[in-house]
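Analysis of the macromolecular model
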Amino acid sequence: MKVALITGITGQDGAYLAKFLLSKGYKVYGTYRRLSTPNFWRLQALGVLDKVELVSFDLIDQSSMLNILKKIKPDEIYNLAAQSFVGASFEQPVSTAEITALGLPRILDVMRILCPQAKFYQASSSEMFGKVQQIPQNEKTPFYPRSPYAAAKLYAHWVTINYREAYNLFTCSGILFNHESPLRGLEFVTRKITNAVARIKLGLQKELLLGNLDAKRDWGYAPDFVEAMWLMLQQEHPDDFVIATGETHTVREFCEVAFQEVGLHYNDYVKVDERFFRPSEVDLLVGDPAQAKQKLNWKPKTTFKELVKIMVQEDLNRWQRFQKGEHFPWDAPYDYVFGKTISPTYQLDR
Ligand code: NAP
Ligand code: F7E
């Protein structure tokens, strides 16, 4: 039986990847952090919490990785853990670098010494293209990061390549464009919208405050994308791949389709609030997944409209169950207990 280690198993991709690897017959270990409130709700929602082994780890603590790799000697390591929210990286640039950038060599160096035969996946990001130098973006497009998050991911991307070239390790970097799902964190724009659409439809919320409605993103469905991570590690030779749908849509279009799904018009509810604008924006992302199609035989299965529908319907279903008094593991009620909008602190002076 193959053994896989997923860092960040409590996050969106970690949960879907765990489910996918279990379906392939892997023994799955996943890392979690000690938090004041446990957050295993995604693993519970997918019915895999009791099927994975949880190991305690923090990307700023190299000794925790040393203990894990010494004990489990994995065949495959998926490094999904990160401070992954671009907005927060403007508020905490130093910890973002500590975690998202420097966390990577902390893992790779222990792997180099203890299990150099393991195959390694790094969760790189389309944010590295930032102020895009080419449309669409592919594996050869020059990078231009526009946030501390993107700069941290770029460092980790190059170190992943460096360990492949310097030590002949099997390391791959997946440059994934935005991918979403009902398990997406509430701070990201897609889930912020679908959760609000559900609440507005049920009379629990009156309006939705958003930032830049003109930003364009290449949005895919997370379960489709985690399969590409696995496919990269099944190749004979390690390489880097862009994973994207090849389509781009504005935040405004996402709102339009999401509100339409429940028979409402976004114009009646969405208000632009400058506090949600970023200090420097990534205006347009659209990926070219040709290499993944050709070498991995991978292509996205879910369209933009299907993705929006899946997310809206699941948030609607959750709030309806909640109104009937059902209690089940889910993130949104905690956010709405006090009905408070948390504004980004980089905009405090506005
Ligand atoms: P996510 O939901 O934010 O999950 C991030 C995971 O990292 C969580 O399990 C989190 O643990 C863990 N983590 C955060 N800080 C840590 C630390 N100091 N030590 C150990 N673990 C830590 O992110 P995601 O959407 O699943 O994304 C997975 C990865 O892909 C991330 O690296 C992200 O940057 C990258 N990525 C995502 C996208 C996308 O569109 N989703 C696109 C490109 C790249 P807690 O649960 O304890 O917070
Ligand atoms: O923003 C705009 C915002 O926070 C998307 C992460 O997974 O994908 C994600 O990063 C766009 C931006 O995701 C609001 O300005 C407007 O242009 O959902 P987001 P992101 O920054 O693209 C990449 C690939 C990653 O690697 C990251 O880990 O939407 N926007 N109004 C807003 N964004 C948010 N969050 N909230 C708003 O109110």
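Residues numbered from 1 in each chain as written. Chains lettered and ligands numbered in written order. Predicted model: local features only at pLDDT ≥ 70, side-chain atom pairs only at ≥ 80, totals over all residues. Heavy atoms only, no water.

1. Looking at the site of ligand 2
Cut-off, in case you're wondering: Residues are classed as near a molecule or strand on a simple rule: at least one heavy atom within 4 Å of it. N or O atoms closer than or at 3.5 Å make up a polar contact, with two conditions inside protein: a donor-capable atom paired with an acceptor-capable one, and, for residues adjacent in sequence, both atoms drawn from side chains. Each accessible area is a Shrake-Rupley estimate made with a 1.4 Å probe; only the visible protein chains count as cover when residues are assessed. Polarity classes work like this: nonpolar for Ala, Val, Leu, Ile, Met, Phe, Trp, Tyr, Cys and Pro, charged for Asp, Glu, Lys and Arg, and polar for all others, with Gly in that last group.
With respect to spatial proximity, 23 residues lie near ligand 2, and among them Ser84, Ser125, Tyr149, Arg278 and Glu281 are the closest. Measuring from an oxygen atom of ligand 2, one finds a backbone N or O atom of Val189 at 2.8 Å. One nitrogen or oxygen atom from the side chain of Arg278 is found 2.6 Å from an oxygen atom belonging to ligand 2. When isolated, ligand 2 has an accessible area of 700 Å², and the protein chains bury 95% of it. A breakdown of the residues in the shell around ligand 2 according to their chemical character gives ten nonpolar, six polar and seven charged.

2. Remarks on the pattern of salt bridges
Stated precisely, the cut-off is as follows: By definition here, a salt bridge exists when the distance from a side-chain nitrogen of Lys or Arg to a carboxyl oxygen of Asp or Glu is within 4 Å. Only DSSP runs of H or I covering at least 4 residues are called helices, and only runs of E covering at least 2 are called strands; the numbering of each starts at the N terminus. Classification of residues uses two cut-offs on accessible area relative to the type maximum, computed with a 1.4 Å probe and protein chains only: under 20% is buried, over 50% is exposed, and between them is partly exposed.
For the structure shown, the criterion picks out 20 salt bridges. Residues Glu98 and Arg106 are paired through a salt bridge, measuring 2.7 Å at the closest nitrogen-oxygen approach. Among the ionic pairs, Glu227 bridges to Lys301, the shortest N-O distance being 2.9 Å. Remark: Lys301 occurs in the loop between helix 11 (290-296) and helix 12 (304-323) and Glu227 occurs in helix 9 (residues 222-233); sequence separation between them is 74 residues. On the accessibility criterion, Lys301 (58% relative accessible area) is exposed. Among the charged side chains, a salt-bridge network with shared partners connects Arg191, Glu314, Asp315, Arg318 and Asp331.

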